[in-house]
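# Structure assessment
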Amino acid sequence: MSTMSQKRGAASQSFSTQILLPAARHVRELPPICLGVRQKHRISINTLPPEMKAPFPSDPIIPLRTKTTKEFQEDVERATASGDWTTVHDFYLTTFDSFLELNAAFKREANTPFDTIEDSGINIKFVNAVYDALLYTPADIQKSVLKGIINSLLREWKGPRTKDDLRAYFVLVQNPQYNSVTTYVIYAHLLRQIASLTEADHHFLVHWFIKLSQRRFRQLVERLLHFISTRLLPARPEELPPMTKCSWWIPSATKVLALLNASNSIAAPPIIPFADLYNLTLDHIDIMEDYQTWQSHGSSRFSFCQFPFILSIVTKKNIIQRDSEQQMISMARQSLVDKVSRRQRVDMSLLFLNINVRRQQLLSDSLNELTRKRADLKKKLKVTFVGEAGLDMGGLTKEWFLLLIRQIFHTDYGMFTYFKNSHCHWFSSWKCDNYSEFRLVGVLMGLAVYNSITLDIRFPPCCYKKLLTPPVVPCDQNAPVGMATLTLDDLRQVMPDLAHGLEELLRYEGNVEEDFCATFQVFQEELGVVKSYNLRPGGDKIAVTNQNRREYVQLYVDFLLNKSIYKQFAAFYYGFHSVCASNALMLLRPEEVEILVCGNPELDISALQKVTQYEGYSKNDPTVRCFWDVVLGFPPELQKRLLHFSTGSDRVPVGGMADLNFKIAKIEVPSDWLPVSHTCFNQLCLPPYKSKKELKLKLTIAISNAEGFGLE
């Protein structure tokens, strides 16, 4: 420590000297401070002592270390074989003694600046070798490393960090010793120093983290998540300091984790799935208190909601649901108070959003009901099909959503275009005077999120980016909405063939203007009529060339995905946000909105089998065994039909199969009966069939011909 202080002090002193030297070289008399002082303190270059005249760099000179990765590994092998760890011990003791020595050991060229975000200058391979060996060395070596880190972190730093300091932090944060709870105090201090760096310094670290291998990057993430979980809910509280003395631990770790999230976000493709940054421990705390802190104090007080990447989709769903419930209760209470204040008879139906529709007029009735009851959209939804005896316990609502979505998205209706290559729908660009039906689709999506219903909607991911642009409806009614910044990658998810053609244009090595003869103009067919649109003013007279083709492609993408469907999407946007007007939406990534709306399309029947409950049967009953043999052998399409037949939706809810509460019940009816279901209870009623062949036949007929709700 004292040696390091002397080096830093010498560097600081010499740096100050260098600043004075230019003024001394141009010898001019300094203005007098007071009488008699001027002559006594006159400074000339010739009067400086020799040690001050010598040039001295502003940063300490890094000692030269020549040990290579191979040489280090050979030292470890010899030590393991002989039991003599002296050489290895000396290496670790010297290397981790200070930030200066860390740079000396791991910097590829000791005194080269390496001051760009592209290259940290660190020999990553050597760092990995040193850390991989560390945990297998004797305990005294591991202790000496930790002592060296403590000495480095306890230094009293003044002024901004140098790039060599950032390199030292970059190396130290990768230390695998922090997996142990006994090192958490040291780890916490390291994280606090990294978290308190300037934004410019964080910018360097974010780009340097991208250079790590996927395995090393994942280890950093998992180590931080485990640290946060252990501090939040410790298995042995006595192993850690009292929370009152280390309340800064979790904020510091979360802020460093945010740097890794930023690295993952700008990497193409992402280094790890974004779900791997979820901290599942937060699923088990009262997250609404954290949400209220975020709502009330914003960034002035720490909350996990400031860093939504750490919250799992289950946690975010809980926040949205509870926020929705509070709004529902508030709306219902207000309706009740209004009735009582007017001395009117209280009808309990006013607590719900009651939708009454005819099957034959499903779309028009639904549109009229939702328009007429716009003020009740945040109440609990209940659906009644006119002329049917079904009581809505959830099943009718799910069926209403399913039938309505199926009708709206039918190609004959013309609101949406289905692209077979991408298996998704996109907004039709035809112009009309009334876009209320697009608003209806947005309302339906909002109601689905609000009422925890999954919808069978096939929108591309860019739709959900637009839906969150911005995530909260702007106060200015003239402000544009849904105008997301989209790229060729987004277009590829909707129109892959067109995106491929534009990519070929960008890669073309010949003369674009002569060979393509294209202008800044696009042609679209609308209701059988081909119309042209300029991508920029006078675009029909501006040729696409090698120089401006990137601009052409970007304008083309923006036109197709934003401008050509602006009015349609704006109506859709306002419809969705008229129901889901909540700051909780700011916590969501576009991919997470899609999962909340549509559920997870990946169906694992084996997982469903494990959580299925039985009534009248046991899991070892012959009929049940035959059932699972048949279902596991079904193609994916029939498996989804079974799920839809039993639950009203062919997708898995956010919480997984366990959230379905799927039940198989025995009904004592003749074996020529088909299976029946109670979608409101996610229950399949299965007669005791005599053979697997009969069961397969009856089940296939039932799930392939199921629609309607009636009692006969």
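Source: prediction; values computed, not measured.

Calculation criteria
Residues numbered from 1 in each chain as written. Predicted model: local features only at pLDDT ≥ 70, side-chain atom pairs only at ≥ 80, totals over all residues. Heavy atoms only, no water. pLDDT = per-residue confidence, 0-100. Contact = heavy atoms within 4.5 Å. Pairing = 2+ DSSP bridges. Helix = DSSP H or I, 4+ residues; strand = E, 2+ residues; numbered from the N terminus. Axes fitted to C-alpha atoms, helices over the stretch in contact; angles between N-to-C directions. Patch = residues over 30% accessible without salt bridge, like charges linked within 9 Å, V, L, I, M, F, W, Y side chains within 5 Å. Areas by Shrake-Rupley, 256 points an atom, 1.4 Å probe, with all protein chains shown as cover. Salt bridge = Lys/Arg side-chain N within 4 Å of Asp/Glu carboxyl O. Buried < 20%, exposed > 50% of the residue type's maximum accessible area, 1.4 Å probe, protein only. Polar contact = N/O pair within 3.5 Å; in protein donor to acceptor, adjacent residues only side chain to side chain. Phe/Tyr/Trp six-rings, centres within 6.5 Å; stacked < 30°, edge-to-face > 60°. Lys NZ or Arg CZ within 6 Å of the ring centre and 35° of its normal. Parallel < 35°, antiparallel > 145°, perpendicular 65-115°, else oblique. Nonpolar A, V, L, I, M, F, W, Y, C, P; charged D, E, K, R; others polar.

Per-chain confidence: the chain averages 85 in pLDDT, with 88% of residues scoring 70 or above. Confidence drops under pLDDT 50 across residues 1-57; counting only partners more than four residues distant or on other chains, this segment forms 33 contacts. Here residues 708-712 scores under 50 on pLDDT; set against residues more than four positions off or in separate chains, the count is eight contacts.

What the four strands build is an open sheet, ordered 7-8-10-9; its pairing is mixed. Strands with a single pairing partner mark the edges of an open sheet, and in this sheet they are strand 7 (613-615) and strand 9 (676-678). Neighbour to neighbour, the strand axes of the sheet diverge by 25 degrees on average, direction disregarded.

Together, L674, L697 and I701 line one region of the surface with nonpolar side chains, adding up to about 240 Å² of accessible area. Tracing the chain through its elements places L697 in helix 29 (residues 692-704). In this structure L697 comes out as exposed when scored by relative accessible area, which is 52%.

A word on the pairing of strand 10 (residues 683-686). Because side chains alternate across strand 10, one face comprises the buried residues Q683 and C685, and the other comprises L684 and L686, equally buried. As judged from the four bridges shared by strand 8 (residues 663-666) and strand 10, these two strands associate in the parallel manner. Counterpart to K666 in the pairing with strand 10 is L686. Judged from the three bridges that link them, strand 9 and strand 10 form a sheet pairing that is antiparallel. If you follow S677 over to strand 10, its bridge partner there is L684.

What follows covers the side chain of R651. Mapped onto the elements, R651 comes out in the loop between helix 28 (636-647) and strand 8. A relative accessible area of 5% places R651 in the buried class. Those residues in contact with R651 that sit more than four places away from it in its chain are T454, L455, D456, I457, R458, C598, G599, N600, P601 and L643.

Inspection of the secondary structure assignment puts N128 in helix 7 (residues 124-134). Excluding residues that lie within four positions of it along the chain, N128 makes contacts with Q174 and R216.

On inspection of all chains with the given rule, the structure shows 27 salt bridges. R492 serves as the salt-bridge partner of E503, at 1.9 Å between the closest nitrogen and oxygen. Of this pair, E503 sits in helix 21 (residues 496-507) while R492 sits in helix 20 (residues 488-492), and the two are 11 residues apart along the sequence. You can call E503 buried: its relative accessible area is 16%. Relative accessible area serves as the criterion here: at 31%, R492 is assigned to the partly exposed category.

Moving on: the environment of S704. Tracing the backbone through its elements, the reader meets S704 in helix 29. A C-alpha to C-alpha distance of 8.0 Å links S704 and L638, two positions 66 residues apart in sequence. At 2.7 Å, the side chain of S704 forms a polar contact with the backbone oxygen of T700.

Moving on: the packing of aromatic side chains. Given two aromatic rings, their pairing is described by the distance between the two centres and the angle made by the two planes. According to the stated counting rule, one finds 42 aromatic pairs in the structure shown. Judged by centre distance (5.1 Å) and plane angle (45 degrees), the ring pair of F72 and F91 falls under tilted. With F72 in helix 4 (residues 69-82) and F91 in helix 5 (residues 86-95), the pair connects residues that are 19 residues apart, well separated along the chain. By the burial criterion, F72 is buried, and F91 matches it. The interplanar angle of 85 degrees and the centroid separation of 5.5 Å between the aromatic rings of Y573 and Y574 together place this pair among those described as edge-to-face. Residue Y573 is classed as buried on the basis of its relative accessible area, which comes to 0%. Counting every residue linked through ring pairs, the aromatic cluster contains F409, F416, W426, F427, W430, Y435, F438, F459, F569 and F572. Taking NZ or CZ as reference, R192 lies 3.9 Å from the ring centre of W248, over its face. Looking at R536, its charged tip hangs above the ring of F520, at a distance of 5.4 Å from the centre.

What follows covers the packing of helix 14 (residues 287-297) against helix 15 (residues 313-341). Between helix 14 and helix 15, the least distance of the axes is 10 Å, while the angle of their chain directions is 75 degrees. One element, helix 14, and the other, helix 15, form an angle in the roughly perpendicular class. Here I287, M288, Y291 and Q292 of helix 14 lie close against helix 15, whose contacting residues are T315, I319, R322, D323 and Q326. In terms of residue class, the contact of helix 14 with helix 15 is made up of four nonpolar, three polar and two charged.

With that settled, the discussion passes to unusual backbone geometry. Here A268 and P269 are connected by a cis peptide whose omega angle stands at -5 degrees. Here P269 shows up in the loop between helix 13 (249-266) and helix 14. That bond from T469 to P470 is cis: its omega, -10 degrees, falls within 30 degrees of zero. Mapped onto the secondary structure, P470 falls in the loop between helix 19 (461-467) and helix 20. Despite not being glycine, H423 has its phi angle at roughly 55 degrees, a positive value. Assessed through its relative accessible area of 53%, H423 is described here as exposed.

In strand 4 (residues 424-427), alternate side chains face the same way, and those of C424 and W426 on one face and H425 and F427 on the other are all buried. Taken together, the four bridges between strand 3 (residues 416-419) and strand 4 define a ladder with antiparallel strand orientation. Bridge assignment links Y418 to a residue of strand 4, and that residue is H425. If you look at the hairpin formed by strand 3 and strand 4, you'll find four residues sitting between the two strands, and H423 has a positive phi there, around 55 degrees.

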